[in-house]
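Results of the structural survey
Each chain, written out:
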Amino acid sequence: MKRESSDEVIVVGSGVAGLTTAVVLAESGRRVRVWAREPAERTTSAVAGALWWPYRIEPEPLVGAWALDSLGVYEELAGRPEETGVRLVEGVHRGTRLDELGAWAGRVPGLRAVSEGLAARLPLIDMPVHLAWLRERFAEAGGRVEEREVTDLASVPAGVVVNCTGLGARSLVPDPAVRPVRGQLVVVENPGITTWFTSVDHSCDASTYFFPQPGGLLLGGTAEEDAWSPEPDPATAAAIVARCAAVRPEIAGARVLAHRVGLRPARDSVRLERQTLPDGRLLVHNYGHGGAGITVAWGCAREAAELAGAAPGV
Ligand SMILES: Cc1cc2nc3c(=O)[nH]c(=O)nc-3n(C[C@H](O)[C@H](O)[C@H](O)COP(=O)(O)OP(=O)(O)OC[C@H]3O[C@@H](n4cnc5c(N)ncnc54)[C@H](O)[C@@H]3O)c2cc1C
């Protein structure tokens, strides 16, 4: 390895995990590059809804702390919604009870039981805007993003390598514990809905949710385990619209603007740990965030940066 690259960090992956980790590292004074096969706008992160809420992610006690840490950051970013893509929006989780959630729930400001379920004002993140903003913030901190596919983490030429490849880790690490949980969404012209809504049926892979974003109302959704198809399925899309319209009838006639599909990088447990490469260099893993990679992004990024040797508290 060349001497000039020994103090450099290369973060592999430009989804929310990679870009957020890269921002934290670059702002701590490290020299950082991001290498990614796909640009941010073509990642799973760009597909997400995206509501701040721990969903389909483990282990719960760690997730709670990462999520609360991230909540604090998103609340601050919501002061500049046009720029950051983050807004605080009211909504209801139908059928969810406080006593079925972890201790973290008691620390979410304004989270309250209502007759229908749980109500709260939570960060709702317009991901295409947020990812572009993260990339810009990274560039301002001196970082560079390069389009590169990595086939061997040990051959990435940097003193510290950070693996934020999401589902890509399955073949790259390789780690068969990372599996896809397919999610399909429909974007419709918003018929005037200003609050978000979710209703999760744990007995099947279909749920019902809608999120008002500036570019339209996002309707969801599905959580299909081990399903790899990136193509939207028309029957699934029709069923999503019908379920949402059963909650808010005005959705039934809304013009469809787009279909989105993403594969959540699910794992029994998020992998956030340090490993030593055969030649003694450091490899930090930060992947496997399932259905809540945005929810935990800042907490995980800060921990990953500490594992990579950055000073704590950045
Ligand atoms: C429909 C849907 C709705 C969702 N809703 C929410 C929500 O409301 N709230 C929430 O918090 N989360 C939500 N999620 C989950 C969230 O999207 C993911 O947890 C998160 O995007 C994972 O981010 P990531 O950066 O780890 O992975 P990704 O966004 O997949 O990024 C991985 C990056 O690694 C790169 N890469 C992979 N392999 C290689 C390689 N070999 N070489 C180089 N680069 C490589 C890719 O090109 C990409 O840049 C949702 C997901 C879906 C699908």
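Notes on the structure follow. A quick note: this is a predicted structure, and the numbers were derived from the prediction, not measured.

**Thoughts on the sheet that holds strand 2 (residues 31–36)**
With mixed pairing, six strands are arranged side by side in an open sheet as 6-2-1-7-15-14. Each having just a single partner strand, strand 6 (144–147) and strand 14 (271–276) make up the two edges of the open sheet. The average undirected angle you get between the axes of adjacent strands in this sheet is 20°. Pairing of strand 14 with strand 15 (residues 282–287), which is carried by six bridges, proceeds in the antiparallel orientation. Along strand 15, the bridge assignment pairs glutamine 275 with leucine 283.

**Examining the environment of alanine 169**
Locating alanine 169 in the fold gives a position in helix 6 (residues 169–172). Counting along the chain gives 117 residues from alanine 169 to asparagine 286, while the straight-line C-alpha distance between them is 9.8 Å. Excluding residues within four positions of it along the chain, alanine 169 makes contact with Asn163, Pro174, Asp175, Val178 and Tyr287.

**Things to note about the site of the ligand**
Around the ligand sit 37 residues in total, of which Glu38, Ser45, Leu51, Gly290 and Thr295 are the nearest. Here an oxygen atom of the ligand sits 2.8 Å away from a polar atom, N or O, in the main chain of leucine 51. Between the ligand and the protein, one listed contact pairs an oxygen atom with a backbone N or O atom of glycine 293 at 2.9 Å. When isolated, the ligand has an accessible area of 1,000 Å², and the protein chains bury 96% of it. At the level of secondary structure, the elements contributing two or more residues to the shell around the ligand comprise helix 1 (16–27), helix 2 (44–47), strand 8 (179–188) and strand 13 (256–266). Here the element with the most residues in the shell around the ligand is strand 13; it accounts for three residues. Grouping the constituent residues of the shell around the ligand by class yields 15 nonpolar, 17 polar and five charged.

The rules behind the values
Residues numbered from 1 in each chain as written. Predicted model: local features only at pLDDT ≥ 70, side-chain atom pairs only at ≥ 80, totals over all residues. Heavy atoms only, no water. Pairing = 2+ DSSP bridges. Helix = DSSP H or I, 4+ residues; strand = E, 2+ residues; numbered from the N terminus. Axes fitted to C-alpha atoms, helices over the stretch in contact; angles between N-to-C directions. Contact = heavy atoms within 4.5 Å. Near = heavy atom within 4 Å. Polar contact = N/O pair within 3.5 Å; in protein donor to acceptor, adjacent residues only side chain to side chain. Areas by Shrake-Rupley, 256 points an atom, 1.4 Å probe, with all protein chains shown as cover. Nonpolar A, V, L, I, M, F, W, Y, C, P; charged D, E, K, R; others polar.

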